[in-house]
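Architecture at a glance
Residue strings, one per chain:
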Amino acid sequence: MTTPPLLEVEKLTKHFPVGGGLFRGPKGAVQAVTDVSFSLKPGETLAIVGESGCGKSTTGRALLRLLEPTSGRVVLNGEEITGLAPSQLRAARRHMQMIFQDPFGSLNPRMTVRETLLEPVLLHEVASGERATKWVETLLTTVGLSAHHADRYPHEFSGGQRQRICIARALSTRPRLIVCDEAVSALDVSVQAQIVNLLQDLQREFGMAYVFISHDLSVVRHIADRVAVMYLGRIVEEAPVEEIFARPRHPYTRMLLEAAPKPEPGQARREGAAQGDTPSALKPPSGCAFHPRCPLASEVCKTTRPGDTVIGAARVACHHIEAATERTSIERPWPPALAARLKVLAEARARG
Amino acid sequence: MTMATDTADRPLAMPANDGGEVAAPPPRAHWLRRLLRDKAAAAAILLLALICLGAILAPWLAPYDPALNSRAVMKPPSFMKGGVPEHLLGTDGQGRDILSRLLYGSRLTLLIGLVAVGLGGAVGSFIGLLSAFYARLDPWVMRGIDILLSFPAILLGLALVAVMGQGIVPVIIALAVSSVPDCARIARGIAMGVMKQEFIEAGRAVGLSDVALFRRYLLRNCISSIMIFLSLRFGQIILIGATLSFLGLGAQPPAAELGMMAAQGREYLLFAPHIAVIPSVLIFLIVLTANVAGDALRDVLDPRLQT
Ligand SMILES: Nc1ncnc2c1ncn2[C@@H]1O[C@H](COP(=O)(O)OP(=O)(O)OP(=O)(O)O)[C@@H](O)[C@H]1O
Ligand code: SF4
Ligand SMILES: [Mg+2]
């Protein structure tokens, strides 16, 4: 409990200006991420969940400053990332890496695996010369590939193998934090299980923290220590993983859990549409942004944005937490599809 | 460090274990073989190669000095009525050997085209890539390109000649400048597609500098498409260059240049048409083969560029 946090994110905000042209100012802003705060201990995994377009990726990118945040503070290991000059920021990237969703798009097709892995190693002076070559081979075996893969190009590998290469690249500088943005979503279910297990093994071995962005609750349940639920750019609930699955407090969290897991990312939208459309991040609803879809919404919800309430280890932004919690206090059985996915993951674990 | 102890010998390295995913893409025939399977393309490439070879080897192949006058003026090709065996393609109005002038002329024509397309392509592509790389620059660069596009090459050539005097250099500059906007636009389009890909962001996430990102990630992924476009552009440049020298702007006599040769033949069009027709046919062949070859190359290497 007393370990100092590795990562502190305070009121991180990213708004994208829209409209306007060469000589005109912007007309408005997509409020992709607003006032997102959380902290992460070394070796911990925080999952960020929420439906498509709620700002998960933007949060991950803004906290790594792959997107310049509109405001807010990010402190990694005592260093204020948000205050770094460009060259300092590049150097700081040694400690924070990222794994992307698309294993086919996130590797430079014109570079061999060796070049791809050597690049960060040499750049951040992790090793040089003979030792760098050795380190690349060690990395490859660590992620379940072998040294003879080093001189091949990305197109010669399968999706799962490429994701292993991406993991090796993220690992190559021995970072303290890795942001995984839908790192397994594009893969086959069986491959997903292998990659999730690999990520867990690596965390145990090297002790880095993960920000694990996903819309797949079964994977999240498997890998996360804590879960942050986002809705329209804000965290509406954050709690330990068992807590959130056993006692979801926010009405939106409950809605997410009740919806059966979808194997394809695209389907999340249709699900949302069935229960009321996701309002636009360009013009979020007043008060609690969730009120147009919320079964518990009252007058106050339309006018006043709920502040964070801390209940034990959980943090919830809702005016009617008591009512919400009551409604879910009975443990309901898992939807069958989710149960099946969890079983696959558990089996893969046991085998590994 | 205890890396790679239990993870290494876990049997998941090979594609078979990675589920039912696509492994490596299906083997595609080597691009060169696919290119030559297309009969028209193969013929065009062969012909263009022969013309280039002739141009390169002109000093050794040409039977006469291309500037040497003789008394045998306006002789038709040797295989036609009135032709003489000494001059395979006949002679021009000043009795110069047309074959020799053709070899030297294509040399100059191709050289002008090559230098112009190289210069214009390099500058234009760099501008286009930069514009795609730095989104903030983009609107300004596009405005500039629109302005440049409104100057036709011929007018630009005339203006430059007026300022710099006649010669090959102003023509090359005019041709290069006139290909800058097109090259910039095409390169920008290609680069925009590459910039959208996740590996660019992945490179940034690793901590690469802009220079490294530009060179190793952007340029490396654009260069082959850009080269294909330039090979298509080459035919056009040759044609515009020949037009300029037909108008008397480019190479000066007694040097041989195809456009100029066609222009000189104009005077004899009625009684010795071969003097104008032969160089014109060669220009036509160069442009045609360059276009067919470029098209085929594009189809084989980069179907994205099809419009
Ligand atoms: N570059 C951008 N310019 C303008 N709007 C953007 C930009 N990037 C993202 N957005 C908007 O910001 C919001 C959040 O997008 P984000 O990609 O973070 O969502 P997400 O939660 O990752 O969704 P998904 O699950 O589909 O990946 C969306 O409304 C999106 O349209
Ligand atoms: S604040 Fe009101 S509208 Fe928002 S989630 Fe809670 S009950 Fe629903
Ligand atoms: Mg996303």
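Below: a short report on this structure. The shown structure was predicted, so the numbers you read here are calculated from the model rather than taken from an experiment.

**Quick look at empty space enclosed by the protein**
All names here are of chain A.
- The final tally for this structure, using the stated rule, is 5 cavities of 30 Å³ or more.
- When its volume is computed, the second largest cavity comes out at roughly 70 Å³.
- Taken together, 13 residues make up the lining of the second largest cavity; nearest its centre are Cys288, Cys294, Cys301, Cys318 and His319.

**A look at the pattern of salt bridges**
- Considering all chains together, one arrives at 25 salt bridges over all chains under this definition.
- The residue A:Lys11 makes a salt bridge to A:Asp35 at a minimum N-O spacing of 3.9 Å. Highlighted residues: A:Lys11 in strand β1 (residues 7-18) and A:Asp35 in strand β2 (residues 28-40), separated in sequence by 24 residues.
- A:Asp35 gets classed as partly exposed once you look at its relative accessible area, which sits at 33%.
- The closest approach of N and O atoms between B:Asp92 and B:Arg101, which form a salt bridge, is 3.6 Å. Per residue, the accessibility class of B:Asp92 equals that of B:Arg101, and both read buried.
- In this structure, a network of salt bridges that share partners links the residues A:Glu44, A:Arg226, A:Glu238, A:Asp308 and A:Arg315.

**Comments concerning the site of ligand 1**
Residues and elements named next belong to chain A.
- Near ligand 1 you find Phe16, Val30, Ala32, Glu51, Ser52, Gly53, Cys54, Gly55, Lys56, Ser57, Thr58 and Glu182, and these make up its full shell.
- Take glycine 53: an N or O atom from its main chain is 2.7 Å from an oxygen atom of ligand 1.
- In this structure, an oxygen atom belonging to ligand 1 sits 3.0 Å away from a main-chain N or O atom of glycine 55.
- Those elements that place two or more of their residues in the shell around ligand 1 are β2 and α1 (56-63).
- Among the elements that line the shell around ligand 1, the one with the most residues is α1, at 3 residues.
- Here the shell around ligand 1 is composed, by residue class, of 4 nonpolar, 5 polar and 3 charged.

About the cut-offs
- Residues numbered from 1 in each chain as written.
- Chains lettered and ligands numbered in written order.
- Predicted model: local features only at pLDDT ≥ 70, side-chain atom pairs only at ≥ 80, totals over all residues.
- Heavy atoms only, no water.
- 1 Å grid on protein atoms, 1.4 Å probe; cavity = no way out; pocket = protein on both sides within 12 Å on 5 of 7 lines; lining within 4 Å.
- Points joined across faces, edges and corners; volume = space filled by probe spheres on them.
- Salt bridge = Lys/Arg side-chain N within 4 Å of Asp/Glu carboxyl O.
- Helix = DSSP H or I, 4+ residues; strand = E, 2+ residues; numbered from the N terminus.
- Buried < 20%, exposed > 50% of the residue type's maximum accessible area, 1.4 Å probe, protein only.
- Near = heavy atom within 4 Å.
- Polar contact = N/O pair within 3.5 Å; in protein donor to acceptor, adjacent residues only side chain to side chain.
- Nonpolar A, V, L, I, M, F, W, Y, C, P; charged D, E, K, R; others polar.

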